[in-house]
Amino acid sequence: RGRAKNCFRVAIQRVEKGLQYAYRDRRTKKRDFRALWIQRINAATRAHGLAYSQFIKGIKLAGITLNRKMLSELAIHNADAFNQILNKAQEAL
Amino acid sequence: MSSFHRASQSLRTHARMWYLIDAKDQKVGRLATFVVKLLQGKTKPIYHPAADVGDFVVIVNTQDVVFTGKKWNDKLYRHHTGYPGGLKEIKAKDLHAKDPREVLRKAIYGMLAKNNLRYTFMRRLYLYKDKKHPYKNNITQELTGPCKPAKKLQDYTPAEIENYPYKNLF
């Protein structure tokens, strides 16, 4: 039992597969995290009545170049700063 | 922020809320999408699909929930018992007569992601057909549903009724 961890021939195949997954997932990791940040920002802005799409439009118009990673971190840890960014976005719209 | 040290901050952020929603005059599907967002925790900026950050939702007055059009007569809930010729069909109005909570429960169940967390989220959903529910001490916030009540004939002013464009519609 457990040949994939005990028998060399089977194990080496699993190792190769694991390395392939690692190669592929280093690329998908970047996409996955961006999607998560977008979901989190969406949640935070909708709590204030603004949708994510409108928020990003307002941010671009206001000239704020923060990326989504930072915006989501701000939304979680530093609500005051995030609210100020929301206000700036709403003014620019 | 002197008393807001890390532990109590975390408790406030990660606490599960209890929401009360009145389903009277709410359209089934639209209410279900609203509730599913609360159950999954997608309204919180700490959301993560693997972490369980969902909230509790208590829905009252499910017997007054609304289907538009002729769905009460036409919508069929089907399931197959596995035996040959065992397709069971039940109309929405009959299902509602049997158990007024089922229509909404099926809608929400179908809208949740089909993964292992669905069972956990459904356990946090409490449906009651009338106003009585035993969770008065738990409710943290009462929410209004996404649908506004439809305008009744009494609410239209006579001028609006006069000028309603029904003459040259087609």
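Here goes a summary of the coordinates provided. (Residues numbered from 1 in each chain as written. Chains lettered and ligands numbered in written order. Predicted model: local features only at pLDDT ≥ 70, side-chain atom pairs only at ≥ 80, totals over all residues. Heavy atoms only, no water.)

Moving on, we come to the environment of Tyr166 of chain B. Checked against the element boundaries, Tyr166 of chain B lands in the segment after helix H7 (158–162). Sequence separation of Tyr166 of chain B and Arg12 of chain B is 154 residues, and the distance between their C-alpha atoms is 54 Å. (Helix = DSSP H or I, 4+ residues; strand = E, 2+ residues; numbered from the N terminus.)

Judged by side-chain polarity, Tyr164, Tyr166 and Leu169 of chain B come together as a nonpolar surface patch covering roughly 380 Å² of accessible area. With respect to the helices, strands and loops of the structure, Tyr164 of chain B is situated in the segment after H7. (Patch = residues over 30% accessible without salt bridge, like charges linked within 9 Å, V, L, I, M, F, W, Y side chains within 5 Å. Areas by Shrake-Rupley, 256 points an atom, 1.4 Å probe, with all protein chains shown as cover. Salt bridge = Lys/Arg side-chain N within 4 Å of Asp/Glu carboxyl O.)

Turning our attention to the pattern of salt bridges. Residues and elements named next belong to chain B. Evaluation of the coordinates by the stated rule reveals eight salt bridges over all chains. Close ionic contact of Glu89 with Arg78 constitutes a salt bridge, the shortest N to O distance being 2.7 Å. Within this pair, whereas Glu89 is found in strand S4 (residues 87–91), its partner Arg78 is found in strand S3 (residues 76–80), the two being separated by eleven residues in sequence. Overall, the relative accessible area of 45% leaves Glu89 in the partly exposed class. Ionic pairing is found between Asp99 and Arg101, a salt bridge with its closest N-O pair at 3.4 Å. The class of Asp99 is partly exposed, set by a relative accessible area of 22%. Put simply, Arg16, Asp52 and Arg124 are held in one network by salt bridges that share partners. (Buried < 20%, exposed > 50% of the residue type's maximum accessible area, 1.4 Å probe, protein only.)

This paragraph deals with the environment of Gln154 of chain B. By the element assignment, Gln154 of chain B lies in the loop between strand S6 (141–143) and H7. In this structure the C-alpha to C-alpha distance between Gln154 of chain B and Arg118 of chain B, which are 36 residues apart in sequence, comes to 43 Å.

Moving on, we get to the side chain of His96 of chain B. All names here are of chain B. When you line up the elements, His96 lands in helix H4 (residues 92–98). Reaching out from His96, the side chain makes a polar contact with the backbone oxygen of Gln63 at a distance of 3.0 Å. Each residue touching His96, except ones within four places of it in the same chain, is listed here: Thr62, Gln63, Val65, Trp72 and Val103. (Polar contact = N/O pair within 3.5 Å; in protein donor to acceptor, adjacent residues only side chain to side chain. Contact = heavy atoms within 4.5 Å.)

Here we take up the interface of chain B and chain A. The interface is formed by nine residues belonging to chain B together with eight residues belonging to chain A. The three residues of chain B that bury the most area against chain A are Lys42, Pro45 and Tyr47 of chain B, which together make up 58% of that side's buried surface. Inspection of the chain B/chain A interface yields zero salt bridges. Put simply, chain B and chain A have three residue pairs in polar contact (both at pLDDT 80 or more) between them. When its residues are assigned to classes, the side of chain B that touches chain A shows four nonpolar, two polar and three charged. (Buried area = accessible area lost by both parts, 1.4 Å probe. Nonpolar A, V, L, I, M, F, W, Y, C, P; charged D, E, K, R; others polar.)

Residues and elements named next belong to chain A. A contiguous patch of positive charge, built from Arg26, Arg27, Lys29 and Lys30, is present on the exposed surface. With respect to the helices and strands, the residue Arg27 is situated in helix H2 (residues 8–46). Taking the relative accessible area as the measure of exposure, Arg27 reaches 40% and is therefore partly exposed. (Lys, Arg positive; Asp, Glu negative; His and termini not counted. Charge placed at Lys NZ, Arg CZ, Asp CG, Glu CD.)

All right, on to the sheet that holds strand S5 (residues 125–127) of chain B then. Two orientations exist for strands paired in a sheet by backbone hydrogen bonds: parallel and antiparallel. Residues and elements named next belong to chain B. Read across the open sheet, the four strands follow the order S5-S2-S1-S6; overall the sheet is parallel. The outermost strands of the open sheet, each flanked by one partner alone, are S5 and S6. Taken over all neighbouring pairs, the strand axes of this sheet differ in orientation by 20 degrees on average, direction set aside. Where strand S2 (residues 56–60) lies against S5, three bridges are found, and the strand directions are parallel. Bridge pairing in S5 links Val57 to Leu125. (Pairing = 2+ DSSP bridges. Axes fitted to C-alpha atoms, helices over the stretch in contact; angles between N-to-C directions.)

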